[in-house]
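Architecture and fold: a report
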Amino acid sequence: MRDSSPAAQNDTIVTWDPRVPLLIDIQDVLKIFKSAVKTVHALDHISFEVHEGDFVSLVGPSGCGKSTLLKIISGLLPATSGKVSVNGKAVDAPLDNVGMVFQSPVLLKWKTVIGNVMLPVEFARLEKPPYLEKARSLLRLVGLEGFEEMYPHELSGGMQQRVSLCRALVTDPEILLMDEPFGALDAMTRDELDLELLRIWDGKRKTVLFVTHNIQEAVFLSDTVIVMSPRPGRVIRKLGIDLPRPRAMEMMSAGKFGEYTLQIRAMLASSSGTPGAAVGSTT
């Protein structure tokens, strides 16, 4: 949670309320992929902190390691060097307090909506009855009540992604990692789901790391936007977003919102070595 004191209102500095616990600590993370034919330097000494209940977006060009970083944080992929800690403990295996949402909904076509939402419960071999009620409650929350027994092919893309979000939340994870979850959707559906996500976040205050190529989306959703360079991915800037909550789409026409988007676009264009290019566009 960002400090609301006057000292924290500097666009270039992110400060934290010391009363809010540190949840994710990423220190000097390096990731290199090696094969028989090629070595890829994906991440270069990444460091930043995420505090409990914060909404942080990662923005950068394709291939800069944003998705790789999410996998390292979740414990699905080891870092080559450096350290990731969650709740003060080093991450050295897949975490059980993390929900993940991907760009594709990744729903099992032979399972119903409720069956897909309940998959994490099945995998963890948890007692089903209390989670079944939780699953139904989440589906009501995202406007899918009455669709529980339908199959993925009977749903629109936006509805499928809502199911994916419910699946990520059903075990009540502490951290939500979202890898460009709305990138494949049309603009109107994307806006609708951004608002839905903020409504859920405001009610549940999960800690969210959100990967996107859309600068406006990052500014609209986040407390902090972390701007990354082309591969190997480095942190260019940790930009605090000083906009009031709750947020509404009308905010995008405000001057301060436009200033943030222009700032981030300029950073991305500069890091690409082509000032003025359409790097980091809003689409």
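Here, the structure is the one placed above.
This structure is a prediction, so every number in the text was calculated from the model and none was measured.

**Describing the environment of Gln263**
- Mapping Gln263 onto the fold places it in helix H8 (residues 255-272).
- A sequence separation of 24 residues divides Gln263 from Leu239, and the C-alpha atoms of the two residues are 9.4 Å apart.

**Some thoughts on the sheet that holds strand E1 (residues 22-34)**
- Taken in spatial order, the 4 strands of this open sheet run E2-E1-E4-E5, and their pairing is antiparallel. On the outer flanks of this sheet lie strand E2 (39-51) and strand E5 (89-90), each paired with one strand and no other.
- Two elements, E1 and strand E4 (residues 81-86), share 5 bridges in a ladder whose sense is antiparallel. From the neighbouring strand, Ile24 faces E4, where its bridge partner is Val86.
- Of the strands in this sheet, E1, E2 and E4 touch helix H1 (residues 66-74), which is tilted by about 120 degrees from E1.

**Concerning helix H5 (residues 157-169)**
- Taking 1.5 Å per residue as the helical rise, H5 with its 13 residues ought to reach 18 Å, and the 19 Å between its terminal C-alpha atoms agrees with that figure.
- Most of H5 sits inside the fold, with 12 of its 13 residues counted as buried.

**Topic: the pattern of salt bridges**
- Applying the stated criterion across every chain yields a total of 11 salt bridges.
- Between Lys206 and Asp172 there is a salt bridge whose closest N-O contact spans 2.3 Å. Here the residue Lys206 occupies a position in the loop between helix H6 (187-204) and strand E8 (207-212), and Asp172 occupies one in the loop between H5 and strand E7 (175-179), the gap between them amounting to 34 residues.
- Given a relative accessible area of 10%, Lys206 falls into the buried group.
- We classify Asp172 as partly exposed; its relative accessible area is 47%.
- Overlapping salt bridges, with partners in common, bring together Arg162, Glu192, Glu196 and Arg199 in one network.

**Some points on the sheet that holds strand E10 (residues 235-240)**
- Spatially, the 6 strands line up as an open sheet ordered E6-E7-E8-E3-E9-E10, and their pairing is mixed. Whereas interior strands pair on both sides, the edge strands pair on one side only; in this sheet they are strand E6 (98-101) and E10. For this sheet, the mean inter-axis angle between neighbouring strands, taken without regard to orientation, is 15 degrees.
- As paired elements, E7 and E8 share 5 bridges and run parallel to each other. When the sheet's bridge partners are listed, Met178 is paired in E8 with Phe210.

**Overview of the pairing of E8**
- Burial runs high along E8: 6 of the 6 residues are buried.
- Both faces of E8 are covered, namely the face carrying Thr207, Leu209 and Val211 and the face carrying Val208, Phe210 and Thr212.
- Bridging between strand E3 (residues 55-59) and E8 involves 5 bridges; their strand directions are parallel. Among the inter-strand pairings, Val59 is bridged to a residue of E8, identified as Thr212.

Cut-offs and rules
Residues numbered from 1 in each chain as written. Predicted model: local features only at pLDDT ≥ 70, side-chain atom pairs only at ≥ 80, totals over all residues. Heavy atoms only, no water. Helix = DSSP H or I, 4+ residues; strand = E, 2+ residues; numbered from the N terminus. Pairing = 2+ DSSP bridges. Contact = heavy atoms within 4.5 Å. Axes fitted to C-alpha atoms, helices over the stretch in contact; angles between N-to-C directions. Expected span 1.5 Å × (residues − 1). Buried < 20%, exposed > 50% of the residue type's maximum accessible area, 1.4 Å probe, protein only. Salt bridge = Lys/Arg side-chain N within 4 Å of Asp/Glu carboxyl O.

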